[in-house]
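# Structural features, examined
Okay, here's what each chain looks like letter by letter:
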Amino acid sequence: MKESLDNYISRCINCGFCEAVCPTLDAADFQAYYGARGRVNLAKEFLNSSLSEDSVINSFNSCLHCNACLAVCPAGISAGEISEQMKFLAKRKDPLAIFIARNIIKYGDPLNIGKRATFWSRGLKFNDSSEYLLYTARMYQLMPYNSAVSILRKKFGNGILKVFSNIMREIGFSGALLAPFVERKKIEEFNSILINIYKLITDSGVEVRYLGEDEPYSGAMLLELGFKEEFNEYANWLVNFFKSKGVKKIITIDPHTYTLLKFQIKEYVDFPFEVIFYLDLVKKEVKFNGSITIHQACHLERYGEKYRKYNEILSGTRIIYPYHFNEKTLCCGGPDEVLFPDMTDKIADRRYQELKSTNADYILTMCPICYVNLKKDDKVIDISQFISNF
Amino acid sequence: MDLIEFFERKNINFLSKREEMIPYVKDASYFPGSLPRAVVLPKDENEISEVLSKCNEENVKVVTRGGGTSLTGSSASIQDSIVISTLRLNKILDFSGGDRYVHAQAGVRIDDLNGFLQSKGFVYPPDPASSLASTVGGTISTNAGGLRGTYYGSTKEWVLGLGVVLADGKIIKTGGKVLKRSIGYDLTSIFIGAEGTLGIIYDAYLKIVPKIERFQRLLAFFNKPEDLGKAVFQLKDRGLNPLGAEFADKISMNIISRISGISIPSGSEMLLILDIPIQEVNEYEKALSIIKEVNPIDVKILNQTESELVYKARKGLYSALLNEREREGEFIIIGDVVVPSSEVPESLKEIQELIKRFGLKTSLFGHIGDGNIHANIFTNLNSKEEMEKAEKFLEELGDVALAHHGSVSAEHGIGYEKKNLLMKEFMYKNSPTNLDLMKSIKRIFDPNNILNPGKVFDL
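Model, not experiment: these values are computed from the prediction.

### Quick notes on the pairing of strand 8 (residues 159-165) of chain B
Residues and elements named next belong to chain B. Judged by how many residues are buried, strand 8 sits mostly within the fold: 7 of 7 residues are covered. Bridge analysis of strand 8 against strand 10 (residues 200-207) gives 6 bridges, and the strand direction is antiparallel. Of the residues in strand 10, the one forming a bridge with L162 is A204. Taking the residues between adjacent antiparallel strands as the criterion, strand 8 and strand 9 (residues 171-175) are bridged by 5 residues, where G169 takes a positive phi near 100°.

Following this line, the structure appears as structure tokens:
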């Protein structure tokens, strides 16, 4: 953030537009504490020292930073950005958040799933001398393990999970511990999406290299959970890591990693690599006689650019847009999964119902987090699956 | 039993921690508001009834809040009050295109209502600039207007019936599904524009119309504000009915040009954006010839792309003005007056002179089709001197409107901001009894003065 937080907030005119589009307001049964305007008001009060950190932190932690607020703000401010800055200022962090942050720093992976992140690539051909690095950032691979954490949370409650994470962060953690709770078919499902993505790129004439087990996570969650200094350090490490591997062009395959590396990271470190979203490289026009609806990712619509390359690929298909589309797309609730899982469930359900009400034959997602949250029936598929199949 | 215990016992959803209540203190006006005792989020009219009944018994003030978008302080919280948020009342209950109504709860936001209606080919016409956030209940309570007010009128034209909880907790229903009804005193009307001082609206039957899909947008540039005013009057006087007629002064016109990419002919001081519905005849050609009689510098007929760009620029005008703020603490206070169309030419001229005399950075735009002029005053809220100057300006702006047979408040209501101006308007009409009548009505509906006291007028 280039200007001071005080200045940034002072531009707010309290019009309430942000509150009207904030997904967490509805999910919190309309308590303004959990709405975008409430967050701006509370940040103002916190900076004036009239409120304690403990009393306001849940408001900021629950922010999805989906930037729906920014898209409608007459004064051009983002309550998501304010929440992120407030999370940075917070001295006390949630035990689960600390656990994840430490894993990222220690293992380069929020859940330390190790070589499990590479199973999808078995038998595929990579070209180590290609200028294109296929960077999965382990995102799709992590999803079955995230789901396992959700299952455990539902089974044992948040309290137990926090105690467990307190212990684990001290003695070390391996994703293998989650293995008994991970559904094999989910691993296969996500691996097949990764293979689809790989094939879409290579079938378009682009050879790629892949770093296998060495491939680290991007660090996005450090920012989302409020670990600014740690992210700064991690970003520096990541740049040096890519340099040491001779990387020049990075193909990202999920919106969070794409916008992090393309836009956000530049506030922290010089990032001298070309960042591409994989759909840029796909040379295929889909022919499908039915209809689809698209759940556009917040990060592709409201983070630095409006990314809509997929429209070209899908131009031969009838698209029925849901009520919230393009820059007004509605978040799937994913970013709240760690600290406010109930909110995630409500937001995801609302969005799924909206998409379903289009009666389209398929509901396309383009982010692994959105996919997990919205996958409530077989109509929901990743865009790479759709492009591959038609 | 105190109120908090009461809410707990009745299982009514409430908030009472300071951090939970702070977001309910202010609305979109410059009035700071005060911390309430609690905020209640009722799920239905029965809960509102229980809360009001208890508050009436205990003599506790009650502020109703919808989208919290008031520009005059109508929904700013009062010290030690109970704020009732209507946002959980967010259901569209019933709709009939054939009968031309929609029945919606008070907390439904206007854009959401229209999103629903448009999918069925209809529209609820009142379209205040705040429609993204403002609610059915809030816009009825302030009799909101909007960009299409010249064609459709303001909210009061579109309310068929209301569900209201009175101060003592009684639930009443006025009007309903039918488009006409002649049954003595019009109780529906009494709550429109009452700013939550007479009862709490929990749902409403609203009149709807098929959406007008086809219209032509024109731009006309003028050197003199009075010529722009004359053009609008002539259009209406000669039987044309614009769907929208917006104007912008030089500051606002430059912004529109910047956003839309449409160039401004030299010498232009005022811009008119005109939407003419296309029906059987090409009425826009008639509009064009009328405008050309009033010395425009230039007139442009916009194609589809230009039309969309100009609309986007007009909708984003207030946002863009906010980016013209240069100092810390600077806020834009929006003056809101209305005059008959025939008086627009002279009123605009006088308002421009007023701006020069006060030396306040001010930009004019508004819904000129119905004579509604917004004076956007850039003011430092932290400067007592500037605030006093702005208040004086608003007062004299009101004087201009009154001198030209208009009103001190077109579509933003009275709230805290215009209490003096309201009295002034009645005095100007030599009809101070109006205020006495209002006070008498207030005493009948709310004998303990618990509902939004201190707003609209002081008892």
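### A closer look at the side chain of D127 of chain B
Residue and element names in this part refer to chain B. On the secondary structure map, D127 appears in the loop between strand 7 (122-123) and helix 5 (136-141). Buried charge D127 goes without a salt bridge, the closest partner of opposite sign being R148 at 4.9 Å. Only 3.0 Å separates the side chain of D127 from the backbone nitrogen of L147, close enough to count as a polar contact. The contact partners of D127, leaving out residues within four places of it in the chain, are G145, G146, L147 and R148.

### Here we look at the packing of helix 9 (residues 139-171) of chain A against helix 10 (residues 184-203) of chain A
Residue and element names in this part refer to chain A. Closest axis-to-axis distance for the helix 9/helix 10 pair is 8 Å, and the angle between their directions is 165°. Judged by the angle between their axes, helix 9 and helix 10 are roughly antiparallel. Of the two possible hands of crossing, helix 9 and helix 10 adopt the one that is right-handed. Two secondary-structure elements touch here, helix 9 through Y140, Q141, M143, P144, Y145 and S147 and helix 10 through K186, I187, F190, I193, L194 and I197. For the contact of helix 9 with helix 10, the per-class residue count stands at 9 nonpolar, 2 polar and 1 charged.

### A few points about the layout of surface pockets
Residues and elements named next belong to chain B. Taken as a whole, the second largest pocket holds about 970 Å³ of empty space. Together, 37 residues line the second largest pocket, and N143, K156, I192, G193 and M438 are the ones closest to its centre. Listed by contribution, the elements that provide at least two residues to the lining of the second largest pocket are helix 7 (187-191), helix 15 (419-428) and helix 16 (433-445). In terms of residue class, the lining of the second largest pocket is built from 14 nonpolar, 15 polar and 8 charged. A domain split of the lining of the second largest pocket shows at least three residues from each of domain 2 (92-210) and domain 4 (325-443).

### With respect to the domain arrangement of chain A
Residues and elements named next belong to chain A. With domains assigned, chain A is organised as domain 1 (5-89), domain 2 (95-280) and domain 3 (284-389). For domain 2 versus domain 3, the distance between C-alpha centres works out to 21 Å. Between domain 2 and domain 3, the contact holds 31 residues from the first and 28 residues from the second. Carbon and sulfur atoms make up 66% of the surface buried where domain 2 meets domain 3, a total of about 2,700 Å² over both sides. The interface formed by domain 2 and domain 3 holds 0 salt bridges in total. In this structure, the connection of domain 2 to domain 3 is made through 12 residue pairs in polar contact (both at pLDDT 80 or more).

### Regarding the domain arrangement of chain B
Residues and elements named next belong to chain B. As far as domains go, chain B holds domain 1 (3-87), domain 2 (92-210), domain 3 (215-320) and domain 4 (325-443). Computed from C-alpha atoms alone, the centre-to-centre distance between domain 1 and domain 4 is 29 Å. Every contact between the two is made by 10 residues of domain 1 and, on the other side, 12 residues of domain 4. For the domain 1 and domain 4 pair, buried surface summed over both sides reaches about 900 Å², with 69% attributable to carbon and sulfur atoms. The largest contributions to the domain 1 side of the interface with domain 4 come from Y30, L71 and T72, which together make up 70% of the buried area. Our enumeration of links across domain 1 and domain 4 arrives at 0 salt bridges. The interface formed by domain 1 and domain 4 includes 4 residue pairs in polar contact (both at pLDDT 80 or more). Tallied by class, the residues present in the side of domain 1 that touches domain 4 amount to 6 nonpolar, 4 polar and no charged.

### Section: the packing of aromatic side chains
Overall, the coordinates contain 39 aromatic pairs over all chains when judged by the stated rule. Geometrically, the ring pair formed by Y362 of chain A and F390 of chain A is tilted, given 5.9 Å between the ring centres and 55° between the ring planes. Taken together, the residues span a long stretch of sequence, with Y362 of chain A in strand 6 (residues 362-365) and F390 of chain A in the segment after helix 18 (383-389) at a distance of 28 residues. According to the relative accessible area criterion, F390 of chain A is partly exposed, its value standing at 28%. Linked through ring pairs, Y135, Y234, W237, F241, F242, F271 and F273 of chain A together constitute an aromatic cluster. Between R148 of chain B and the ring centre of F215 of chain B, over which it is positioned, the NZ or CZ distance is 5.3 Å. When the ring centre of W158 of chain B is taken as origin, the NZ or CZ atom of K207 of chain B, which lies over that ring, is 5.1 Å away.

### Digging into unusual backbone geometry
Even without being a glycine, N326 of chain A presents a positive backbone phi close to 50°. In this structure, N326 of chain A sits in the loop between strand 5 (318-319) and helix 16 (341-356). Within the chain, N59 of chain B stands out as a residue other than glycine whose phi angle is a positive 60°. With respect to the secondary-structure elements, N59 of chain B resides in the loop between helix 3 (45-58) and strand 3 (62-65).

Reading the values: the criteria
Residues numbered from 1 in each chain as written. Chains lettered and ligands numbered in written order. Predicted model: local features only at pLDDT ≥ 70, side-chain atom pairs only at ≥ 80, totals over all residues. Heavy atoms only, no water. Buried < 20%, exposed > 50% of the residue type's maximum accessible area, 1.4 Å probe, protein only. Helix = DSSP H or I, 4+ residues; strand = E, 2+ residues; numbered from the N terminus. Pairing = 2+ DSSP bridges. Lys, Arg positive; Asp, Glu negative; His and termini not counted. Salt bridge = Lys/Arg side-chain N within 4 Å of Asp/Glu carboxyl O. Polar contact = N/O pair within 3.5 Å; in protein donor to acceptor, adjacent residues only side chain to side chain. Contact = heavy atoms within 4.5 Å. Axes fitted to C-alpha atoms, helices over the stretch in contact; angles between N-to-C directions. Parallel < 35°, antiparallel > 145°, perpendicular 65-115°, else oblique. Left-handed = near helix turned anticlockwise from the far one by under 90°. Nonpolar A, V, L, I, M, F, W, Y, C, P; charged D, E, K, R; others polar. 1 Å grid on protein atoms, 1.4 Å probe; cavity = no way out; pocket = protein on both sides within 12 Å on 5 of 7 lines; lining within 4 Å. Points joined across faces, edges and corners; volume = space filled by probe spheres on them. Domains from an automatic or database assignment. Buried area = accessible area lost by both parts, 1.4 Å probe. Phe/Tyr/Trp six-rings, centres within 6.5 Å; stacked < 30°, edge-to-face > 60°. Lys NZ or Arg CZ within 6 Å of the ring centre and 35° of its normal.

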